[in-house]
Protein chains: 2
Amino acid sequence: MTKNLKINTMKKVDYIIRADFLLTMEGGLEVIKDGAVAVSGSEIIEAGTFGEISKQHAADRILNGKDKVVFPGLINTHTHAAMVYFRGLADDLPLMEWLQNHIWPAEGKWMNEDFVSDAVELACLEMLKAGVTTYCDHYFFQNAAGKKMEHIGMRGVLGAGVIDFPFTGYAASAEDYFVNAENLIKNWKGHELLTPCVAPHAIYTCGPDNYKRANALSDKYNVPIHTHLAETEFEVAECQKRFGKTPVEYFESIGMLSERLSAAHCVWLTDNEIELLAKRNVGVAHCIESNMKLASGFAPVPKMLKAGVNVALGTDGAASNNDLSILGEMASAAKVHKAVSKDPTVIDGKTVLSMATINGANALGLGDKTGSIKAGKKADLVIADLNSPHLTPIYDIYSHIAYCMRPSDIETVMVNGKILVENGRTTTIDESDTIAKAREWQAKIRG
Amino acid sequence: MTKNLKINTMKKVDYIIRADFLLTMEGGLEVIKDGAVAVSGSEIIEAGTFGEISKQHAADRILNGKDKVVFPGLINTHTHAAMVYFRGLADDLPLMEWLQNHIWPAEGKWMNEDFVSDAVELACLEMLKAGVTTYCDHYFFQNAAGKKMEHIGMRGVLGAGVIDFPFTGYAASAEDYFVNAENLIKNWKGHELLTPCVAPHAIYTCGPDNYKRANALSDKYNVPIHTHLAETEFEVAECQKRFGKTPVEYFESIGMLSERLSAAHCVWLTDNEIELLAKRNVGVAHCIESNMKLASGFAPVPKMLKAGVNVALGTDGAASNNDLSILGEMASAAKVHKAVSKDPTVIDGKTVLSMATINGANALGLGDKTGSIKAGKKADLVIADLNSPHLTPIYDIYSHIAYCMRPSDIETVMVNGKILVENGRTTTIDESDTIAKAREWQAKIRG
């Protein structure tokens, strides 16, 4: 009778995902050994030990995880996805020479809906294969990006760029950026995967009126707002000169700081500014590899974390990185700040995986949907294979993910309950076709 | 008649290796498009365009390189290969706690010939798959390591460790280290792949008498000498206290500085010490990832390069990295120093690949054998696949190798004319057996 009762209470689910190690990134961040996640439709039904899960759930498909680890999909909180087509176009140059003589001219010449649509496909391909399930984009032509991402099945935040000056083919005036942004919001607000967002560029390209207007738009529709902030010493000096304030203090003075805001970089901050970011619950997209490659500097991440700032990770665009791997950012962030702060205990494995998952989700206002493995959240998760020389032996799984794991270890990626990468191959993107298209663009761009 | 003449002058070789891009790391570092390398026995016969090579050479086997790049095998100039078994055993800890409470006790308990032999197999597996063809090791039981490496076919420098105090099971007295080192030299001197080396540990574990004796041994047999130098501020302070000199100046005063010496780390240097390293032609093994992870600091690499110091790259042991990837070190070194020096032009793609190849060979006294692709040198080279999303598009091949390439892109690895990795799989190491052995050790070490 007890047996029958058990059978009767078994719930049918679509998948049970089993693994030697399950990291939910919830609670005390305990490692669940021989763990399992039950998934139905787009949702996580339950997570726990395989013993617990298999007693209560029967699945159509069990993904069996010998020598595997399951963790939440990685979140890239700052990129310019379409710039992947400019990867390596101009490296090892001073920032302004890079921007003015290479990147801006290339963008001015090539950027349009087709470019963005094709380039975003390559970016999604690269990110999915590296375990990234959500990214926040800061660019233009976001309707085209959104359509492509919807087709692929990737989760994302579509930041519609706003700058003070016109951009041929996209915005004839500052006004047009807002028209485009509002249309984007109307098109995508409430979408299951994609969140529209207002994305004023930076203090040096966007004046206070446009920042305030962007913020009002974000407030009106309750959508996120995303910007670059305090990236370089040059920017801080310019801000001081124009407004008599450092960047975060200037933002505070014009009412920009809120939990809707996520700010990329935040390299040059005073202690007071760190306090402000914590107090106003602003999400920070720490882009360590871009900050190093462009010689911007080292953001005070250990200090920010200590002050309670929600610090997440971003790759920035591939033109200044040069890849879109959050695993790479994790390894860099976990190591660099030890040397900068002369303290080997800062940013341990657990911390950096939190930054790459739950902190990222919270920074983008998606904490209720993704970023951890928890009943009721969307099923965005990664299965990585541990059966490799560079992951052998295993004493601490968090440490392995932080310091040793590579995109090639990512085996299966699920977004919103759908498998988008299986045995390392994308299911909704034709890899060779995407690469062939990119090479056609390359031939044109190189000229 | 002209045609017959051509046929008659065709030289028979074992391999012609063809690739879209050939980087010889010789001369002006020009990229040879549609390049080829002719290999016979252990040697490179010629390198040039495929057109030139195929006119003069006929091969038993042509390795065809559509979407491929060929470059010299990478050189890891400082590691403790057997410590791969302690990968991730204790992370994110202060240096002395890490060493005294975790690493030294583990070494004291487990290290013996069997341990070293098995662990070196895992290290070689990881390094070969990541394109490393030569490494310089600093450890103990180097006869066991050498036998294993000889069996695998890997090139290396076997540094026999020397410290002032006894080490149970290896050396009952300081004297024993020298006996072991001299035996090692006698065993391996003149070997095709393996170079014996004397490896006094560091200023804080090895007094001036033992340093001088190690140097005399190196001089007597004309073998390299390898040590840790100026790794931490603590070491510099101790050296000042004991000898009234900074580490490199102290080395100069006891006659240690010569072209036979390669020194790992060199993080804390005065301008005068940089001059000395350049003047005495000392090779420097820059270990940026280990230096960051242990919070040692940032070596003044751009300054060293400018002063003419021969700076190469090393991973250090996997316990402080946590992998053995020179590609990873290249990406880290190329990025970190831009931020440290606030100059995005330092250490470009060509420079960092030079550091990982020809500089490494020269640092280890192997510049006549390896480090570049040149007629007469040994055939140590790598074929990497470029047909991946993260390597698309391609504008600058050096930049791609520096910033984007991953171990999983390494397809074929040749050492001394023998293919040791083919389609990403090792030919002389059974990967699953090596991993299984490592897991048995892991179970014992974890206890």
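Fair warning: this is a prediction, and the values are worked out from it, not measured in the lab.

1. Some words on the overall build of chain A
What chain A contains, in helices and strands, is 17 helices and 17 strands. C-alpha extents for chain A along the principal axes are approximately 75 × 45 × 45 Å. Counting the 447 residues in chain A, one finds 65% classified as buried. Restricting the contact set of chain A to residue pairs at least 6 apart, pairs at least 24 apart contribute 72%. Put simply, chain A shows about 15,000 Å² of open surface, and 49% of that area lies on carbon and sulfur atoms. Considering chain A, the positive charge centre built from 45 side chains and the negative charge centre built from 55 side chains are found 4 Å apart.

2. Quick look at the interface of chain A and chain B
In this assembly, 67 residues from chain A lie in contact with 66 residues from chain B. Taken together, both faces of the contact between chain A and chain B bury some 5,200 Å²; the carbon and sulfur share is 58%. When the buried surface of chain A facing chain B is broken down by residue, Asp92, Pro389 and Tyr395 of chain A rank first, second and third, together holding 15% of it. On inspection of chain A and its partner chain B, the count reaches 12 salt bridges. Between aspartate 92 of chain B and lysine 338 of chain A there is a salt bridge, with its nearest N and O atoms 3.0 Å apart. Our count for the chain A to chain B interface comes out at 30 residue pairs in polar contact (both at pLDDT 80 or more). Of all the elements in the fold, those that place two or more residues in the side of chain A that touches chain B are helix H4 (113-129), helix H11 (288-293), helix H13 (326-341), helix H16 (397-403) and helix H17 (431-446) of chain A.

3. Here's the deal with the domain arrangement of chain A
Residues and elements named next belong to chain A. Taken domain by domain, chain A holds domain 1 (11-72 + 377-426) and domain 2 (74-363). Put simply, the middle of domain 1 and the middle of domain 2, counted by C-alpha atoms, are 29 Å apart. Across the contact, 27 residues belong to domain 1 and 29 residues belong to domain 2. Both faces combined, the contact of domain 1 with domain 2 buries some 2,300 Å², and carbon together with sulfur accounts for 67% of it. Among the residues domain 1 hides against domain 2, the three largest losses belong to Met25, Ala402 and Tyr403. Together they make up 24% of the total. For the interface between domain 1 and domain 2, the tally reads one salt bridge. As a salt-bridge pair, arginine 155 and aspartate 380 come within 2.6 Å of each other at their nearest N and O atoms. Where domain 1 touches domain 2, the interface holds six residue pairs in polar contact (both at pLDDT 80 or more).

Cut-off values and rules
Residues take numbers from 1 onward in each chain, read along the sequence in its written order. Whichever chain is written first becomes A and whichever ligand is written first becomes 1, with later ones labelled in order. Local features in this predicted model are restricted to residues whose pLDDT is 70 or higher, and side-chain atom pairs enter the listing and the counts only when it is 80 or higher, whereas totals over whole chains, interfaces and linings include all residues. To obtain the side-chain values, all non-hydrogen atoms of the structure were used and water was disregarded. Secondary structure elements are defined from DSSP: runs of H or I of at least 4 residues count as helices, runs of E of at least 2 residues count as strands, and each element is numbered from the N terminus. For each residue, the accessible area found with a 1.4 Å probe, counting protein chains only, is set against the maximum for its type, and the residue is called buried under 20%, exposed over 50%, and partly exposed in between. Contacts were defined at the residue level, with two residues in contact if any of their heavy atoms lie within 4.5 Å. Computed with a 1.4 Å probe, the accessible areas rest on the Shrake-Rupley method; for each residue, only the protein chains presented here act as cover. By the counting scheme adopted, Arg and Lys are positive, Glu and Asp are negative, and His together with the chain ends is not counted. A charged residue contributes its charge at one atom only: NZ of Lys, CZ of Arg, CG of Asp or CD of Glu. When two parts are brought into contact, each loses some accessible area as probed by a 1.4 Å sphere; the total of that loss over both is the buried area. Salt bridge, as used here: a side-chain nitrogen of Lys or Arg that lies within 4 Å of a carboxyl oxygen of Asp or Glu. Whenever two N or O atoms come within 3.5 Å, that pair is a polar contact, provided that in protein one can donate a hydrogen and the other can accept it, and provided that, for residues adjacent in sequence, both atoms are side-chain atoms. What marks off one domain from the next here is an automatic or database domain assignment.

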